[in-house]
Amino acid sequence: MEDPIQLKEEGNKYFQANDYERAAQSYTQAMKLNKDKALQAVLYRNRAACFLKKEEYAKAASDASRAIDINSSDIKALYRRSQALEKLGKLDQAFKDAQKCATIEPRNKNFQETLRRLGANIQEKLRIQFSTDLRVQKMFEILLDENSDKEKREKAANNLIILGREEAGAERIFQNNGVSLLLQLIETKDPELVLAAVRTLSEMSTGHKARATAILHYLGIDNICMWMSVDNEEISLAVCSLLQAITDCLLGQGKEKHHGKEEAVVLDTKKDLRMITMRLLDMLVSKKVSGQGRDRALNLLNKNIPRKDVKDHDNSRTIFVIDNGLKKILKVVGQIPELPDCLPLTENTQLSASVLLNKLYDDLRCDPERDNYRVICEEYIKSKVDPQDMDKTLHAIQMVSGVLQGPFDLGNKLLGMKGVMEMMVALCGSEREIDQLVAVEALIHASTKLSRATFIISNGVALLKEIYKKTKNEKIKIRALVGLCKLGSAGGTDYGLRQFAEGSTEKLAKQCRKWLCNASIDVRTRRWAVEGMSYLTLDADVKDDFVEDEPALQAMLELAKTSDKTILYSVASVLVNCTNSYDTKELVPELVQLAKFSKQHVPEEHPKDKKDFVVKRVKRLLKAGVVSALACMVKADSAILTDQSKELIARVFLALCEDPKDRGTIVAEGGGKALIPLALEGTEVGKIKASHALAKIAAISNPDMAFPGERVYEVVRPLVSLLNTERDGLQNYEALLGLTNFSGRSDKLRMKIVKEKALPDIENYMFENHDQLRQAATECMCNLVVNKEVQERFVADGNDRLKLVVLLCGEDDEKVQVAAAGALAMLTAAQKKLCSKMTEVTTQWLEILQRLCLHDNMEVQHRGLVIAFNLINADKDLAKKLVETELLEILTYIGKQEDPKKQHIINVAHDCLTRCMDYGLIKPLSQA
């Protein structure tokens, strides 16, 4: 269709049919082909009407303005622009347009009413603005007055933060020179005032791009980074949140509080984003920055630089950071805290930097990009290796150690550089303790892969044993021990692939447990003891002894709750090993025989890895309070809590939830709350494991107790994600049980399940051959049909939903019959249309109904009679059809029974017969 007039007519038809999307498309097409100015104005104003209906008010205002540009007295365009501007909160401009409409058509009551309404709204807005302005002014007066009462100042500070949260309040603070006054508060250097000011700025920046950009430029990125660098955790964290809110706006992420209000205000944001990135990279290597500040900068880079979605092809931010800041990140990982020239660090800084290195490397899209990354690392190492300057060389080895904790493949390539491995071995033999410390750590990180570890076993074990025996420094001793632990566990869980002699692993573990319990040793060194246990607990004897050793177990769980987040992965690994929640390959007996025949190695299971031993260990861990430690680990707002760590924690939770008796304890100690973020973010495997653990809890717990308040709605999506043919039957089944439990609680929850598009999946499982799955899905549907929207889907034409439920009522499985009959009883009670529809969906309907009414199970029989009553009550013709069948005899037979246990069933049969008498279809017995 090439004619613009025809396209306009087509658009009008779509508009009248309420299909605004296609109407707008037709008008857009017509605009491209049209040459006539008058018609163009009509097309613009018509498309503006479509945008109004679609609630895209900024686009509606823009189109109406274009129509007015062509014809300034176009009354429809003026009125539509007025409506759009009103919705956008621009009441003054909306009032002017409505005024013009009323001038052109003074007798139009609609225009007069709009003018009255807008006038009243403008007055109200001015009144609120005036009172808000006074409140803002008063708050700043109290805060900036040094003689103000402390309590008054605190109250004013809190009120200011709350006001900044509301759109109107934030705008008034902004318009009344608030940013300048907030800057004055920050300059007082009073921690409480600084905190209040920063938090208010953060609220004002959230979801408003123009305001966020203005705040960034007014405060200046240098000032923001300087405040973030202070050695005060609360202030540093608050400034970090402010910068994150600004970054979210510039990246177009986060929650937009309103729509279309500032389309053309903000210029290209790339320049601002690059400026922020450069300053954060500068913070990494500045000696003026505190350890806290460095951590915040690393967390912001970790959060905002790598792509969130692999489908997004633009990794320019990562390339920019590699080109401009990779060497700065390498400098951080190469720091040695024991040397005097070290930058201020926290216990988490270097691991955060390693995580960033890993994320940047993973975000690269092709080999040339990865080669460039590797070359920068190699050049940096070469610049540091100097045989004449041992301290410089130490930094190079420490840097390799840091890369090995990040992108391991790259670290392996760096180990292969000429002289690196030799340098590590030489440092092990050095007389200086610091050399030995760094070299041993590097050896530990280098021996991660079996092949690499085999090479180190031949070279490094002797060295590590020598250091372990000779050194009197506990820090070096413990690290040497961890190196031996790691090398000793290179065979994994395979009982037949032990690297060391029988009993050696248990001896190493005993020493690790001893150090773990020694509170006089610093946390960083005790962390290495946990690291050692994470390797050694692959051995079943070791893990069994460890969970029996209550002081050592408690010491590890307490360490997991400290501010040192570098321990998270090690603790999670130990717990995964103790609960046997790692993946194991199933051994096919035939293949085992074949392998033995061909003299190949066959993995062996340790006797203590059998189920009853695992169950005992899980019970011990629960008794020791492992759930509260895991909940504490999940709360870590740090890049160190990687997706891999989250997956390990999810695996442990799933193992803990195995026994239904333990699930109440897990909920009581915060496990339910901790599982929600794990089910929504992380690796695919981690999300599935956490969702499955949630399903286990949701299946048998009271949702109000397990997930109080709004939290219960967050659990629905993880449960629905398990209704997938790629998941196993147990996951499907327990998710359906959880959803059944939820759908019986409230209509709001039923609505949430429908919104998450769970209905088609639940219906699919109602067709399943598996009895338990079919039963669980039918029970879930039985609860869901109470919801109006679900009922309407059954009423709609062109679907077999009702037919499926009717046929399920005829199944042999009693539990499926109970659920299906319940669903049918509720549907026919709520929707009279479904009563007549039921008789049309299948020819077997009457036979099925009669079988239900004569069923031995009283619950099924009662539901069958309720369905019969609903059909009789719905329509006289339908009742007549039923009376003419054997159903009348069945109802009469049941009605005559005298069994107190069946009284509720007899009452329904009486109701059916009474209704038939009311219709005049049957006569009372005396008259007959």
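Everything discussed here concerns the structure shown above.
Residues numbered from 1 in each chain as written. Predicted model: local features only at pLDDT ≥ 70, side-chain atom pairs only at ≥ 80, totals over all residues. Heavy atoms only, no water.

Peer 1: Before we go on, may I ask you to explain the overall build of the protein chain in this structure?
Peer 2: Each helix and strand counted, the protein chain has 52 helices and zero strands in total. Principal-axis analysis of the C-alpha atoms places the extent of the protein chain at approximately 115 × 80 × 65 Å. A total of 928 residues make up the protein chain; the buried ones form 53% of that total. Of all intrachain contacts in the protein chain linking residues separated by at least 6 positions in sequence, the fraction that spans at least 24 positions is 68%. Across the protein chain, the 135 positively charged side chains and the 133 negatively charged ones have centroids separated by 3 Å. (Helix = DSSP H or I, 4+ residues; strand = E, 2+ residues; numbered from the N terminus. Buried < 20%, exposed > 50% of the residue type's maximum accessible area, 1.4 Å probe, protein only. Contact = heavy atoms within 4.5 Å. Lys, Arg positive; Asp, Glu negative; His and termini not counted. Charge placed at Lys NZ, Arg CZ, Asp CG, Glu CD.)

Peer 1: Please clarify how the side chain of T269 should be interpreted in this entry.
Peer 2: Tracing the backbone shows T269 in the loop between α14 (233–251) and α15 (270–284). When its relative accessible area of 12% is taken as the criterion, T269 is described as buried.

Peer 1: I keep staring at unusual backbone geometry and nothing clicks. Help me out?
Peer 2: Of all residues except glycine, most have a negative phi; of all peptide bonds, most are trans. The phi angle at E55 is positive, at roughly 65 degrees, despite the residue not being glycine. Note on placement: E55 falls in the loop between α3 (37–53) and α4 (57–70). The backbone phi angle of N580 is positive, close to 55 degrees, even though this residue is not glycine. Among the secondary structure elements, N580 is positioned in the loop between α30 (568–579) and α31 (589–597). Residue N580 is classed as buried on the basis of its relative accessible area of 19%.

Peer 1: It is not clear to me how the packing of α3 against α4 should be interpreted in this structure. Could you clarify?
Peer 2: For any two helices packed against each other, one specifies the crossing angle of their axes together with the interaxial distance. At their nearest, the axes of α3 and α4 sit 8 Å apart, and the two run at 160 degrees to each other. Overall, the two elements α3 and α4 adopt an arrangement that is roughly antiparallel. Considering how the two elements wind past one another, α3 and α4 form a crossing that is left-handed. Across from K37, Q40, A41, Y44, R45, R47, A48, F51 and L52 in α3, the residues of α4 making contact are Y57, K59, A60, D63, A64, R66, A67 and I70. For the contact of α3 with α4, the residue count by class is ten nonpolar, one polar and six charged. (Axes fitted to C-alpha atoms, helices over the stretch in contact; angles between N-to-C directions. Parallel < 35°, antiparallel > 145°, perpendicular 65-115°, else oblique. Left-handed = near helix turned anticlockwise from the far one by under 90°. Nonpolar A, V, L, I, M, F, W, Y, C, P; charged D, E, K, R; others polar.)

Peer 1: Help me understand empty space enclosed by the protein, please; the structure alone is not making it clear to me.
Peer 2: By the definition in use, this model includes two cavities of 30 Å³ or more. Here the second largest cavity is characterised by a volume of approximately 90 Å³. The wall of the second largest cavity is formed by L243, T247, L251, L273, I276, T277, L280, L300, L301, N304, I305 and R317. Those elements giving two or more residues to the lining of the second largest cavity turn out to be α14, α15 and α16 (291–304). For the lining of the second largest cavity, the element with the most residues is α15, which contributes four residues. (1 Å grid on protein atoms, 1.4 Å probe; cavity = no way out; pocket = protein on both sides within 12 Å on 5 of 7 lines; lining within 4 Å. Points joined across faces, edges and corners; volume = space filled by probe spheres on them.)

Peer 1: What is the right way to read the pattern of salt bridges from this model?
Peer 2: Note that side chains of opposite charge can pair when their charged atoms are close. Under the counting rule described, the total for this entry stands at 46 salt bridges. K646 is the partner of E681 in a salt bridge, and the nearest nitrogen-oxygen pair spans 3.6 Å. Taken together, the residues E681 in the loop between α36 (671–680) and α37 (684–700) and K646 in helix α34 (residues 643–656) connect sequence positions 35 residues apart. Accessibility expressed as a relative area gives 15% for K646, which makes it buried. The partner of E756 in a salt bridge is K752, with the nearest N and O atoms 3.0 Å apart. The network of salt bridges with shared partners includes E21, K54, E56 and K59. (Salt bridge = Lys/Arg side-chain N within 4 Å of Asp/Glu carboxyl O.)

Peer 1: Please clarify how helix α20 (residues 390–404) should be interpreted in this entry.
Peer 2: The periodicity of an α-helix, 3.6 residues per turn, causes residues three or four places apart in sequence to face the same way. With 15 residues, α20 extends 21 Å from end C-alpha to end C-alpha; this agrees with the ideal 21 Å at 1.5 Å per step. Of all 15 residues that make up α20, twelve are buried, and the element is covered over most of its length. Among the residues making up α20, those that are buried are T393, L394, H395, A396, I397, Q398, M399, V400, S401, G402, V403 and L404. Its buried side turned inward, α20 meets α17 (316–333), α18 (349–362), α19 (367–384), α21 (408–415), α22 (420–428) and α23 (433–446). (Expected span 1.5 Å × (residues − 1).)

Peer 1: Looking at this model, I keep getting lost on the packing of helix α27 (residues 523–536) against helix α29 (residues 550–560). Mind explaining?
Peer 2: At a closest axis distance of 11 Å, the pairing of α27 and α29 adopts a crossing angle of 120 degrees. On the basis of their axis angle, the class for α27 and α29 is oblique. α29 is crossed by α27, and the crossing has left-handed handedness. Residue-level contacts link V523, R526 and V530 of α27 to A555, M556 and L559 of α29.

Peer 1: I would appreciate a short explanation of the environment of L143 in the present structure.
Peer 2: Among the structural elements, L143 can be located in helix α7 (residues 109–144). The class of L143 is buried, set by a relative accessible area of 0%. Sequence-wise, L143 and L854 are 711 residues apart; in three dimensions their C-alpha atoms are separated by 79 Å. Beyond its immediate chain neighbours, meaning those up to four positions away, L143 contacts R153, A156, A157, L160, L185 and L193.

Peer 1: Would you mind going over the nonpolar core with me for this structure?
Peer 2: A general feature of soluble globular proteins is that nonpolar side chains tend to end up buried together. By size, the foremost hydrophobic cluster in this structure holds 260 residues, and its most contacted members are Y373, M556, F653, L656, F707, F742 and I762. Beyond its immediate stretch of four places on either side in the chain, F707 contacts G672, I676, L694, I697, A698, V712, V715 and F742. A61, A67, A84 and C101 belong to the second largest nonpolar core, which has 34 residues in total. (Core = buried A, V, L, I, M, F, W, Y, C linked by side-chain atoms within 4.5 Å.)

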